[in-house]
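The lines below spell out each chain.
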Amino acid sequence: MAERPEDLNLPNAVITRIIKEALPDGVNVSKEARRAISQAASVFVLYATSCANNFAMKAKRKTLNAGDVMAAMEEMEFERFLEPLKEALEVYKKGQKGKKEVSEQKRKDKEKKQDSENDRSREEEEEEEEERMEEEPEAEEDEAEN
């Protein structure tokens, strides 16, 4: 577990992308500033996690949930971020639900395909058996004539 901000290093690509999205085009950020923002983000993540964990512990749970994070944000006096956070969470949930539905549909389609292939195989086997049954009496008749 990371005890100090130095122990937690967020990926530079993520930090750079966040910075670029937050600033207007044409604004440059030095390496030193990027490093400072990265460290500040690390401190924020650690603090928010610690606060959320306190709410989970009070509820006698070992798993943090979204409610714990929301309560932590409020406790940390970041109320203005609660609504955007709730909206982002809803978008995430809808995306997960959509992925689950797509996955379920793919599974059903695969099962249908396998069932139809099995049905075709059975039909082919039955046709072959019928053809053999028809050929056997003809072969017996030919032998009887000889």
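Residues numbered from 1 in each chain as written. Predicted model: local features only at pLDDT ≥ 70, side-chain atom pairs only at ≥ 80, totals over all residues. Heavy atoms only, no water.

Definition in use: UniProt positions are given in the numbering used here, feature names are shortened, and annotations may be inferred rather than shown by experiment.
Labelled according to an unreviewed UniProt entry, the chain appears under the name DNA polymerase epsilon subunit 3, originating from Periophthalmus magnuspinnatus. Recorded in UniProt under Subcellular location (unreviewed entry), the annotation for the chain is "Nucleus".

## Details of the pattern of salt bridges
Formally: By definition here, a salt bridge exists when the distance from a side-chain nitrogen of Lys or Arg to a carboxyl oxygen of Asp or Glu is within 4 Å. Note on conventions: DSSP H or I runs of at least 4 residues are helices, E runs of at least 2 residues are strands, and numbering of each starts at the N terminus. Each residue is assigned to one of three classes by its accessible area relative to the maximum for its type, calculated with a 1.4 Å probe on protein chains only: buried under 20%, partly exposed between the two thresholds, exposed over 50%.
According to the stated counting rule, one finds 2 salt bridges in the structure shown. With a closest N to O distance of 4.0 Å, glutamate 21 and arginine 17 form a salt bridge. Of the two residues, glutamate 21 and arginine 17 both sit in helix 1 (residues 12-22), 4 residues apart, roughly one turn of that helix. Under the relative-accessibility criterion, glutamate 21 is labelled exposed at 61%. Classification of arginine 17 by relative accessible area gives partly exposed; the value is 47%. Across the salt bridge formed by arginine 61 and aspartate 68, the nearest N and O atoms sit 2.8 Å from each other. In this structure arginine 61 comes out as partly exposed when scored by relative accessible area, which is 29%.

## A look at the side chain of aspartate 68
Worth spelling out the cut-off: Whenever a nitrogen or oxygen atom comes within 3.5 Å of another N or O atom, the pair is scored as a polar contact, on the condition that within protein one atom can donate a hydrogen and the other can accept it, and that pairs from neighbouring residues in sequence are kept only if both atoms are in side chains. Contacts were defined at the residue level, with two residues in contact if any of their heavy atoms lie within 4.5 Å.
Tracing the sequence through the fold places aspartate 68 in helix 3 (residues 66-75). Looking at aspartate 68, its side chain comes within polar contact range of the side chain of arginine 61, at 2.8 Å. Sequence-distant contacts of aspartate 68, that is, excluding residues within four places in its chain, are made with Ala52, Phe55, Ala56, Arg61 and Thr63.

## Structural notes on the packing of aromatic side chains
The line we're drawing: Each Phe, Tyr or Trp ring, with Trp reduced to its six-membered ring, pairs with another whose centre is within 6.5 Å; inter-plane angles below 30 degrees give stacked pairs, above 60 give edge-to-face pairs, and intermediate values give tilted ones. We call a charge positioned over a ring when the NZ of a Lys or the CZ of an Arg lies within 6 Å of the ring centre and within 35 degrees of the ring normal.
Under the criterion given, the structure shown has 2 aromatic pairs. Ring centres of phenylalanine 44 and phenylalanine 78 lie 5.4 Å apart, and the angle between their planes is 85°; on these two criteria the pair is classed as edge-to-face. Remark: phenylalanine 78 occurs in the loop between helix 3 and helix 4 (82-145) and phenylalanine 44 occurs in helix 2 (residues 31-58); sequence separation between them is 34 residues. With centroids separated by 5.6 Å and ring planes inclined at 45°, the aromatic side chains of phenylalanine 78 and phenylalanine 81 adopt a geometry described as tilted. Each member of the aromatic cluster is reached from another via a ring pair, and the members are Phe44, Phe78 and Phe81. The ring of phenylalanine 55 carries the charged tip of lysine 58 above its face, separated from the ring centre by 5.2 Å.

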